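# Residue-level structural notes
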Amino acid sequence: MKPTVATLLLSGMSCLQMGAALAQNVDTTRDRQSILAMQGEYQVDFAFDETVLLQPGYERQAAMRSGGDETVIVVEDAPGRIVLQHILVDAKSGHVTKHWRQDWVYEAPTRFEFSADQTWHVRSIPADKQRGAWTQCVYEVSDAPRYCGTGRWEYGNGIATWTSDLSWRPLPRREYTKRSDYNALSVINRHTITPNGWTHEQFNTKVLRKPDGSQVELAREFGFNDYQKTQDIDFAPAYAYWKATAGYWAKVRAHWDEYLSQAPGLRLKTKVDGMAMIMPLFSQAGDVQKGKVVPDADIAKVFAEWVERASAETAP
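Residues numbered from 1 in each chain as written. Predicted model: local features only at pLDDT ≥ 70, side-chain atom pairs only at ≥ 80, totals over all residues. Heavy atoms only, no water.

### Regarding helix α6 (residues 236–260)
A bend of about 55° at T245 is the largest found in α6. Within the sequence span of α6, burial applies to A238, Y241, W242, T245, Y248, W249, V252, R253, H255, W256, Y259 and L260. (Bend = angle between axes of the 7 residues up to and from the residue. Helix = DSSP H or I, 4+ residues; strand = E, 2+ residues; numbered from the N terminus. Buried < 20%, exposed > 50% of the residue type's maximum accessible area, 1.4 Å probe, protein only.)

In structure tokens form, the structure reads like this:
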């Protein structure tokens, strides 16, 4: 008979021992099913609202609303690793845009973390935080890094929900062209599988991080991305694009992995919009889609121009 939580508490086990015991009961098969449930075809609504204002004189910014039609494709499906690629389709024109990507790794030993302007450092995940947990890492349209979070799937009342720890991320695209009063988001993410799709909740704090290490919190924001399954959109152009370019993007991911698979990490030499890399990579993918051959050296040239290894972190 497996010990109950109450029994473990009464036995005087340490928190670390308890975590190890509970992790043994993690249902990784159920977790994988929950992650894989995010694949499919969706109409998506994106909503962001500033809620709590934290500084004198700060004015609440206008709520943001947008949406799109998006398919989520399984790129990798291994016992401890699942990769999902999002692809947008314009319903009227059929235009395809490779969108964000999410990688899920079970008991990941490391992850990248946004640490400074255009800089991500690869850091170890403490052993007690790894146990039974999945680390989700999110990537830009060019497969450049955005943020990671680590947490466990829970199934209270039969509802599959994953909640991350607190982590840092750069300004989102919806704001970096409009805002200069903050330079980082402190974020907790929550994914929930619903009867007709899934949701992504974001609990954001907008923070000005200063060179001396001090921080000013400006406002809190709630983000809600609602993925509702649909059969009304023709996603054939997205699947055709991915069939033609999947091999190319696998090579691009391999280049990023050279920087993100181990410390210290990377620094982008592009402007914050990243277009200096996005445009040539998308152009190369377009050539591949047309049947042209893009030499590996051409991909490497883009990385050599715009990516460098981050400086090693020093101990505090």
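### Let's talk about the sheet that holds strand β16 (residues 307–309)
Pairing in this open sheet of four strands is antiparallel, and the strands run β5-β6-β15-β16 from one edge to the other. Sheet topology places β5 (110–116) and β16 at the edges, where each strand pairs with a single neighbour. Taken pair by pair, the neighbouring strands of this sheet meet at an average axis angle of 30°, ignoring direction. Alignment of strand β6 (residues 119–124) against strand β15 (residues 265–268), held across three bridges, turns out to be antiparallel. Across the sheet, residue W120 finds its bridge partner in β15, namely L266. The sheet strands contacting helix α8 (residues 296–306) are β15 and β16, and the helix crosses β16 at an angle near 65°. (Pairing = 2+ DSSP bridges. Axes fitted to C-alpha atoms, helices over the stretch in contact; angles between N-to-C directions. Contact = heavy atoms within 4.5 Å.)

### Regarding the pairing of strand β2 (residues 64–78)
Of the strand pairs in this sheet, strand β1 (residues 40–53) and β2 are connected by nine bridges, and their pairing is antiparallel. By the bridge assignment for β2, F48 is matched with M64. Alignment of β2 against strand β3 (residues 81–89), held across eight bridges, turns out to be antiparallel. When the bridges of β3 are listed, V74 appears paired with L84. Turn length for the β2-β3 hairpin, with the two strands adjacent in sequence and antiparallel, is two residues.

### Details of helix α7 (residues 275–289)
An α-helix turns once every 3.6 residues. As a result, residues three or four positions apart point the same way. Look at α7: 20 Å from first C-alpha to last across 15 residues, which is about the 21 Å you get at 1.5 Å a residue. All of the buried residues in α7 are M277, I278, L281, Q284, A285, G286 and V288. Elements that come into contact with the buried residues of α7 comprise α5 (173–176), α6, β15, α8 and β16. Directly after α7, the chain includes G291, whose backbone phi takes a positive value near 95°. (Expected span 1.5 Å × (residues − 1).)

### Some points on the pattern of salt bridges
Here the structure, examined in full by the defined rule, presents 23 salt bridges. A salt bridge links D103 to R81, with the shortest nitrogen-to-oxygen separation between them at 3.4 Å. Taken as a pair, D103 in strand β4 (residues 96–106) and R81 in strand β3 lie far apart in primary sequence, 22 residues in all. Counted as one network, the salt bridges with shared partners bring together E50, R174, E175, R179, D181, K206 and E221. (Salt bridge = Lys/Arg side-chain N within 4 Å of Asp/Glu carboxyl O.)

### Describing the pairing of strand β12 (residues 184–194)
Here strand β10 (residues 161–163) runs beside β12; their pairing, made up of three bridges, is antiparallel. In the sheet register, W162 faces β12, and the bridge partner there is H191. Alignment of strand β11 (residues 167–169) against β12, held across three bridges, turns out to be antiparallel. Bridge pairing in β12 places W168 opposite S186. Both β12 and strand β13 (residues 197–209) contribute to a ladder of 11 bridges, which runs antiparallel. Pairing of S186 across the sheet is with T205, part of β13.

### Here we look at the packing of aromatic side chains
For the coordinates displayed, the defined rule picks out 13 aromatic pairs. Residues Y42 and Y227 carry aromatic rings whose centres are separated by 5.8 Å and whose planes lie at 85° to one another, so their mutual orientation is edge-to-face. Residue Y42 is located in strand β1, and its partner Y227 is located in strand β14 (residues 215–229); the two are separated by 185 residues in the primary sequence. Y227 carries the same exposure label as Y42, and that label is buried. With centroids separated by 5.5 Å and ring planes inclined at 45°, the aromatic side chains of F203 and F222 adopt a geometry described as tilted. Within this pair, whereas F203 is found in strand β13, its partner F222 is found in strand β14, the two being separated by 19 residues in sequence. Looking at F203, the relative accessible area reads 33%, which means it is partly exposed. (Phe/Tyr/Trp six-rings, centres within 6.5 Å; stacked < 30°, edge-to-face > 60°.)

Geometry only, nothing functional implied.
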